[in-house]
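# Residue-level structure breakdown
Okay, here's what each chain looks like letter by letter:
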Amino acid sequence: MASNVLISSTSFREALAKKGGVTAARCYQCATCSSVCELAPEGLPFPRRQMINAQWGLADKVAADPAVWLCHQCNDCTVRCPRDAKPGDVMQTIRALAVENLSTPKFLGKLVGAAGSTWPLLIGLPFVFWIAFIYAVNGFTVPEAPLAWHDFVPHWMIYAVYIPVTLWVVIAILVSGSRYWNLMGQGVTRSGSFVGNLIPAIKEILAHKRFSDCEAARPRKTGHLLFLWGFIGAAITTALIIVAMYGFKTPLPLPQTHWMKWIGNFSALLLLFGGLMLLANRMKGGQSAGASTAFDTFFLFVAFMVGLTGILTEGGRLAFPPQIAAWMYVAHLSFILCLFATFPYCKFAHMVYRTLAMVHERMTGVASR
Amino acid sequence: MDKVGVFVCTGCEIKDAVKIDELEEAANEQNAAAFVTHECLCEPGGIAQIQKSIDDDGIDGVVIAACSHRMKQKEFTFDPTKVVVERVCLREQVAWSKKPDDEDTQMLAVDLLQMGLARIGKVKLSEPIKEEISDTVLVVGGGLTGLTAAKAAVDLGHPAVIIEKEDQLGGYLNDCKDVIPEHPPYDTVAANPIGQLIKDVQANEQIKVFTGARIIATKGQPGQFDVELQNGGAAQSVKVGAIVQATGARPYDASKLTHLGYGMSPNVITSHDLEKMITAGELICPGNGQIPNRIVFIQCAGSRDENHLKYCSSECCGTTLKQVASINRDFSDIECAVIYKDMRTPGQLEHFYQGVQESTHGMLTRGEVDKVEAHNNGAHVHLKDSLLGEDVTIETDLVVLAVGMVPNSADGHAIRELNDAKLRIIKNESETQVADATKLVESLKHHEGTEILNLDYRQGPDLPILKYDFPDSHYICFPYETRRTGIYAAGALHAPMDTPQAIEDAYGAVMKAVQCIESNARGEAVHPRAGDQSIADFFLQRCTQCKRCTEECPFGTLNEDAKGTPEYNTLRCRRCGICLGACPERIISFPEYTVDAVASMIKAFEVPEEEDEKPRIMAFLCENDALPALDEAAAKRIQWNPWIRIVPVRCLGAVNTVWIADSLSRGIDGIVLVGCKRGDDYQCHYIQGSELANTRMGNVQETLERLTLESERVKIVELARDEFHRVPQVLDEFAETIDECGPNPYKGF
């Protein structure tokens, strides 16, 4: 085999170390991690190889690696590592770096990537924006009770903000995702159609099959599952309401007993419980959680706050004086904006990259678990 | 001795195993002047009885028939100027390891007593020597080890002299800025201690320092070494009691490492070159004067390599880690990549390794360096078998070869051979001899002028070297010892080592040196016969100048006069008796260990007739390992064959072949010698005793054939101290072999 001239990148190693992956250097390649990993497919064992790539600072190899996203951070490897090199944490750090490096535009990736210090800005800006926007439109005049939100913030304002942001996010994630898809595809042959393989992959994700194979991080499975379904429920509710509003001209606000409300409430509860479980697991620390970095906690916190402020908004509309309830609504709108806008640049993006990696895994035939 | 008393202990199960009255009969037959029994001879009452016999009855030979001679030595010590003590082992060899109250057991007990009585009749009182002893320790080499050793000697109350060949003290560490960590938490480099150490030594009035000096001659013996040295033209002389040689090591010659690119590009350097640059604070690529962006360290450069150094120098991994840490601190923009075969960081260095590993400017990885090629201004390092699972090439500006250590030892044997060959050329006795000698001189020429100690010893002017040119000894059994009594090797000369180890080594060697001086002052031998006050006696009138003793003494004790007669240096002597084993004329003896005394033991007991079907076997057991192992087996109540009669010997090398002949001619059916391991990993306490015994027994085998005796009748067995479980196995198997051979045909002649 021809020698390839390798120039390892100190900057990658430094970045890795800064984000919490310094332990990669301890690895002496015994491969205990790969043998204990329940998720590693036979044809693509990880994370031993990812550890050496990280140690050598081979940023290009790491960037094109599907295994990085196939890892669910079970931390079975970290528990068993004889050298305390924490492969689970290293993989998580590699993912954080990947999100940052694949992001479009890069500066937003860097900004969100540094959430550990930039979080006041990331959360504060949406607040400032919404307050300013509402002030500009109606001078922040809160209507009298009974409160209907569209009297305070008309629907057009919601659309004016979230439609462009969503478009922007979709474009950004499409660009980043296809970049990753192409990197993964270099030098390997895929077979079958993308969509044909996407469907079983999504089914697998919805059932959280892989999480159940984890040992050390099994406590995380339920939380993650509830969290995911909470999101899905919230998205479905939003879609249903839009359809009801424009298709069936159903007047808003819906009465509390309306079945759509029930779906929404149930989803919010899932989001809250799942989020609480995940946050508690992270706070408890230990091996099942792995090291918690701003990459993990920022996204978790924002998503949790979306759920919390949602419930507060809904309940507060009837329970609290309008002046107070209005602020809850502003907070809800701001957290949603924060979550949407940072989607391609924070941990939320793992939804896209992991799905792509799982499709890639199916199309290259390594998924022989 | 003239008046012998027999003192039998009946305790420790002895009286259940043997009939004491039969022992008394045997003692009376041998005209013992007293026969005393006591149920616990080692307790004050028993000791008092022995003392009473000495004082009142004038007993000068005390035969104590009790436990092994290794036990209760302190209790059974009486005035050595008046009384000789002989120990007969009735406990371990009889009561604990044989069937009680059995015919064979009884015969064994009587035989052992008779052997003891025979021996004590032949031995003399030893006359202790008292000589003028210098208490100064000479340290050769003024590096870290030497300076530490000199300071340690003074701390132990002994003045020290340092001889350093360079113009300043400090040695290798003069070139270093940092050293590897020596104290907890062991995670960062430590400051070089050498400057302070030099100041301490120079300020110490008890330490005399000669720099720019070399030794012209070391004459005499431990306690009385007369060292002549040259120091800038003027010759001086110092008297010292013991010597610590700490002449260190030098880096392996990198010019032999062309496959790693040395010599191909000025940007391939050794770790020693790099060390100097780090110390100077200017780290550049020598080829172009640029500051390197990346340095690749190649570990094991020429080490653990059949074609270069076969051994691991053990410090290069630590040194490289240290250099990476220093570079990270002093030149933070330089990236370091370390390629190792195995990262060897024994002990606490592991913490240092982990610390360096996590510094982002260093990458440490396993790989086999295939070759190094020049590329642009730097080099390409090609790796095969890297952890990436593929052949890779690393581009770098500077390559550092972590070369191993070569000891600064002088091969005493080779120098002597060279000098002897030169003498033969001068003598010009025959053409072939001159031709052979010329050839030898040619092959050994590189040893010329390498002398360090310049010992005035027949066996060569420097310490004999062992494996890999290190004047080492078995590191567990005999640390710091060399094959010259009173001279101890320390530091990187002794074995490859790093700075903390060298410091420890210096203390160890100094303690051995001080031990030697103090033993000499008391007129006693050093390890392993520590406390022995006897010295050898050479009956030179009958010497045939065969030179076997002068050649075979492992410690170079004997010089020769012009005719080849041995000249005994008492203080060099370890009392092993290897010369006694060597001498064909049997003119060498020790007061308590003579050829005649052992021969009389062999002849002391009755050998049963052929029809009795009771074979007899002589076992010569080395007192250092085999006998303690036997005692331990007995303590665990392991039984072995009762036909065997055991004679403890000082070393297998101290077995004179005449004893074999004596045994066979008496009709004894087999002879077994049990001693320590020989070879490169020897455990022989006198280094060469086992080896020599093996050679000598080879000659005995020829004699056996001539006498048409089965060669199986004489056997040598190697046994380690911890192999007590093998003792009965070895002895029983041998007894079986002898039984199969049938009786010795010379029985009854």
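Since this is a predicted model, take the numbers as computed values, not measurements.

### Remarks on the overall build of chain A
- Counting its regular elements, chain A contains 18 helices and one strand.
- The C-alpha radius of gyration of chain A comes to 22 Å, within 12% of the 21 Å expected for a compact globule of 369 residues.
- Viewed in the frame of its principal axes, chain A has a C-alpha envelope of about 75 × 35 × 35 Å.
- Buried positions account for 52% of the 369 residues belonging to chain A.
- Carbon together with sulfur atoms contributes 70% to the accessible area of chain A, which is approximately 16,500 Å² in total.
- The centroid of the 30 positive side-chain charges in chain A is displaced by 3 Å from the centroid of its 17 negative side-chain charges.

### Quick look at empty space enclosed by the protein
- Here the structure, examined in full by the defined rule, presents 11 cavities of 30 Å³ or more.
- There is about 140 Å³ of room inside the largest cavity.
- Together, 16 residues line the largest cavity, and Arg13(A), Val22(A), Ala25(A), Gln55(A) and Gln357(B) are the ones closest to its centre.
- Only α1 (10-21) and α3 (48-56) of chain A together with β18 (362-366) of chain B provide two or more residues apiece to the lining of the largest cavity.
- Sorting elements by how many residues they give to the lining of the largest cavity places α1(A) first, with four residues.

### Considering the confidence of the model for chain B
- Overall, the predicted model of chain B reaches an average pLDDT of 91, with 100% of residues at or above 70.
- As scored by the predictor, the complex reaches a pTM of 0.83 and an ipTM of 0.77.

### So, the sheet that holds strand β16 (residues 294-301) of chain B
Residue and element names in this part refer to chain B.
- Spatially, the five strands line up as an open sheet ordered β15-β22-β16-β17-β18, and their pairing is parallel. The sheet is open, and its two edges are formed by β15 (268-270) and β18, each paired on a single side. For this sheet the average axis-to-axis angle between neighbouring strands, irrespective of direction, equals 20 degrees.
- In terms of strand pairing, strand β17 (residues 335-340) meets β18 through five bridges, oriented parallel. When the bridges of β18 are listed, tyrosine 340 appears paired with arginine 366.
- Seen against the sheet, helix α9 (residues 316-330) touches β16, β17, β18 and β22 (398-403) and runs at an angle of roughly 170 degrees to β16.

### Some words on the domain arrangement of chain A
Residue and element names in this part refer to chain A.
- Looking at the assigned domains, one finds that chain A contains domain 1 (10-102) and domain 2 (106-364).
- Between the C-alpha centres of domain 1 and domain 2 there is a distance of 27 Å.
- Listed by partner, the interface residues are 26 residues for domain 1 and 38 residues for domain 2.
- Note on domain 1 versus domain 2: buried area summed over both sides is about 2,800 Å², and carbon and sulfur give 58% of it.
- When the buried area of domain 1 at its contact with domain 2 is split by residue, Trp69, His72 and Leu102 rank highest and sum to 26% of it.
- Across the domain 1-domain 2 interface, the total number found is zero salt bridges.

### Some details on the pattern of salt bridges
- Taken as a whole, this structure holds 55 salt bridges over all chains when the rule is applied.
- Arg83(A) is paired through a salt bridge with Glu350(B); the nearest N and O atoms lie 2.5 Å apart. Linking Arg83(A) in the loop between α6 (76-80) and α7 (87-102) with Glu350(B) in helix α10 (residues 349-357), this pair reaches from one chain into another.
- In this structure, Asp79(B) engages Lys82(B) in a salt bridge whose closest nitrogen and oxygen atoms are separated by 3.8 Å.
- Residue Lys82(B) is classed as exposed on the basis of its relative accessible area of 54%.

### Some words on the interface of chain A and chain B
- Across the boundary between the two partners, chain A contributes 25 residues, which contact 24 residues of chain B.
- Roughly 2,300 Å² of surface becomes buried between chain A and chain B when both sides are summed, with 50% attributable to carbon and sulfur atoms.
- Viewed at the interface, chain B and chain A are joined by four salt bridges.
- Of the charged contacts, one joins Lys61(A) and Glu390(B) as a salt bridge, the two residues approaching to 3.0 Å between their closest N and O atoms.
- Those elements that provide at least two residues to the side of chain A that touches chain B are β1 (4-6), α1 and α3 of chain A.
- Counting residues per element, the side of chain A that touches chain B draws most heavily on α3(A), which supplies six residues.
- Here the residues of the side of chain A that touches chain B are counted per class, giving 11 nonpolar, seven polar and seven charged.

### Looking at the nonpolar core
- The biggest cluster of nonpolar side chains holds 110 residues, and the ones touching the most others in it are Leu23(B), Phe620(B), Trp659(B) and Ile660(B).
- Residue assignment places this core across two domains, with domain 1 (1-125) and domain 4 (537-588) of chain B each supplying three or more.
- Residues contacting Phe620(B), with those up to four places away along its chain left out, are Val598(B), Ile602(B), Val647(B), Val649(B), Leu652(B), Val655(B), Trp659(B), Ile660(B), Ile671(B), Val672(B), Leu673(B) and Val674(B).
- By size, the runner-up hydrophobic cluster in this structure holds 91 residues, among which are Ala54(A), Val62(A), Trp130(A) and Ile158(A).

What counts and what doesn't
Within any chain, residue numbers begin from 1 and follow the written order of that chain's sequence. Whichever chain is written first is A, and whichever ligand is written first is 1; the rest continue in order. Per-residue local features are limited, in this predicted model, to residues with pLDDT of at least 70; the limit for side-chain atom pairs, both in listing and counting, is 80 or more; totals at the level of whole chains, interfaces and linings are taken over all residues. Note: side-chain values were computed over all heavy atoms of the structure, leaving out hydrogens and water. Put simply, DSSP H or I for four residues or longer makes a helix, DSSP E for two residues or longer makes a strand, and each gets a number counted from the N terminus. A radius of gyration in this sense is built from C-alpha atoms; the matching globule rule multiplies 2.2 Å by the number of residues raised to 0.38. Only protein chains enter the accessibility calculation, which uses a 1.4 Å probe. A residue is then buried if its area is under 20% of the maximum for its type, exposed if over 50%, and partly exposed in between. Areas reported here follow the Shrake-Rupley algorithm with a probe of radius 1.4 Å; residue values treat only the protein chains shown as occluding. For the purpose of counting charges, residues Lys and Arg are taken to be positive, whereas Asp and Glu are taken to be negative. His and the chain ends are not included. To locate a charge, take NZ of a lysine, CZ of an arginine, CG of an aspartate or CD of a glutamate. Grid points spaced at 1 Å over the protein atoms alone were grouped into cavities, where a 1.4 Å probe fits but cannot get out, and pockets, open sets with protein on both sides within 12 Å along at least five of seven lines, with lining residues defined by an atom within 4 Å of a point. Grid points are joined across faces, edges and corners, and a volume is the space filled by probe spheres set on the points. Within a predicted model, pLDDT stands for the predictor's per-residue confidence, ranging from 0 to 100. DSSP calls a pair of strands paired once it identifies at least 2 bridges connecting them. Orientation is described by axes fitted as lines to C-alpha atoms, over the contacting stretch for helices, and by angles from 0 to 180 degrees between their N-to-C directions. Contacts: residue pairs with any heavy atoms within 4.5 Å of one another. For the domains described, the bounds stem from an automatic or database domain assignment. Take the accessible area each of two parts loses on contact, using a 1.4 Å probe, and add the two losses: that sum is the buried area. Only one rule defines a salt bridge in this text: a Lys or Arg side-chain nitrogen within 4 Å of an Asp or Glu carboxyl oxygen. Three categories are distinguished: nonpolar for Ala, Val, Leu, Ile, Met, Phe, Trp, Tyr, Cys and Pro, charged for Asp, Glu, Lys and Arg, and polar for the others, with Gly belonging to the last. The set of buried Ala, Val, Leu, Ile, Met, Phe, Trp, Tyr and Cys residues whose side-chain atoms join them within 4.5 Å is what this entry labels a nonpolar core.

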